[in-house]
Amino acid sequence: MFNDLHTDQITVYIACGYTDLRYGIDSLAGIIQSETNLNPFTERTLFLFCGRRADRIKGLLWERDGFLLLYKRLEDGKFRWPRDRSDVEKMTAQQFRWLTEGLCTTQKQTVKKVHRI
């Protein structure tokens, strides 16, 4: 489910740092409202959370009639989760794909464009 989300049709926010994954829908929605000043009831907006063990993540997505709580646990490997800040970052579709493939969401270096004269 996570890997098949059409991220070009939804907005994805990642909660950097650690989140207690024992929290349910109400607690995660409360974190979104109180700590990020974002509205968890925004349609087509996915909020992602990761605990201390980086092998599992939770996602919270508002649908018109209620919340969808997504949970993914990797059997072998860990998600590369940004731990240096405790705020929320908006992710691009490319960054979401990198995350679900086990890659770092922030690349250190990109290929530089060459402009020919």
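Placed above this text is the structure.
Residues numbered from 1 in each chain as written. Predicted model: local features only at pLDDT ≥ 70, side-chain atom pairs only at ≥ 80, totals over all residues. Heavy atoms only, no water.

Details of the environment of Gly-77
Following the sequence through the fold, Gly-77 ends up in the loop between strand S4 (66–73) and strand S5 (88–91). C-alpha of Gly-77 to C-alpha of Asp-55: the two residues are 22 residues apart in sequence and 6.4 Å apart in space. (Helix = DSSP H or I, 4+ residues; strand = E, 2+ residues; numbered from the N terminus.)

With respect to the nonpolar core
Counting 15 residues, the largest nonpolar core has Val-12, Leu-46, Leu-48, Trp-81, Met-91 and Leu-99 as the members making the most contacts within it. Counting only elements with at least two residues in this core, the list comes to strand S1 (11–15), strand S2 (45–50), strand S3 (56–63) and helix H2 (93–100). If you tally residues by element for this core, the top one is S2, at three residues. Residues Tyr-13, Leu-21, Phe-49 and Leu-60 belong to the second largest nonpolar core, which totals ten residues. (Core = buried A, V, L, I, M, F, W, Y, C linked by side-chain atoms within 4.5 Å. Buried < 20%, exposed > 50% of the residue type's maximum accessible area, 1.4 Å probe, protein only.)

Digging into the environment of Lys-58
Positionally, Lys-58 belongs in strand S3. Judged by its relative accessible area of 8%, Lys-58 is buried. Linking Lys-58 and Lys-72, residues 14 residues apart in sequence, is a C-alpha distance of 6.5 Å. Reaching out from Lys-58, the side chain makes a polar contact with the backbone oxygen of Tyr-23 at a distance of 2.7 Å. (Polar contact = N/O pair within 3.5 Å; in protein donor to acceptor, adjacent residues only side chain to side chain.)

Notes on helix H1 (residues 25–36)
In a regular helix each residue adds 1.5 Å, so twelve residues correspond to 16 Å; H1 covers 16 Å between its end C-alpha atoms and thus fits that length. The set of residues buried in H1 consists of Leu-28, Ala-29, Ile-31 and Ile-32. Along the axis of H1, the buried residues cluster in a sector spanning 150°; they form a single face. What points out from H1, more than 90 degrees from its buried face, is the exposed set Asp-26 and Ser-34. The inward-facing, buried residues of H1 contact S2, S3 and S4. At the C-terminal side of H1, Asn-37 shows a positive phi close to 60°. (Expected span 1.5 Å × (residues − 1). Arc of directions from axis to C-beta. Contact = heavy atoms within 4.5 Å.)

Some details on the pattern of salt bridges
Applying the stated criterion across every chain yields a total of five salt bridges. One salt bridge connects Arg-64 with Glu-43, and the closest N-O pair in it is separated by 3.0 Å. Residue Arg-64 is found in the loop between S3 and S4, and its partner Glu-43 is found in the loop between H1 and S2; the two are separated by 21 residues along the sequence. Glu-75 is the salt-bridge partner of Arg-73, the closest N and O atoms lying 2.6 Å from each other. Its relative accessible area of 47% is what places Arg-73 among the partly exposed residues. (Salt bridge = Lys/Arg side-chain N within 4 Å of Asp/Glu carboxyl O.)

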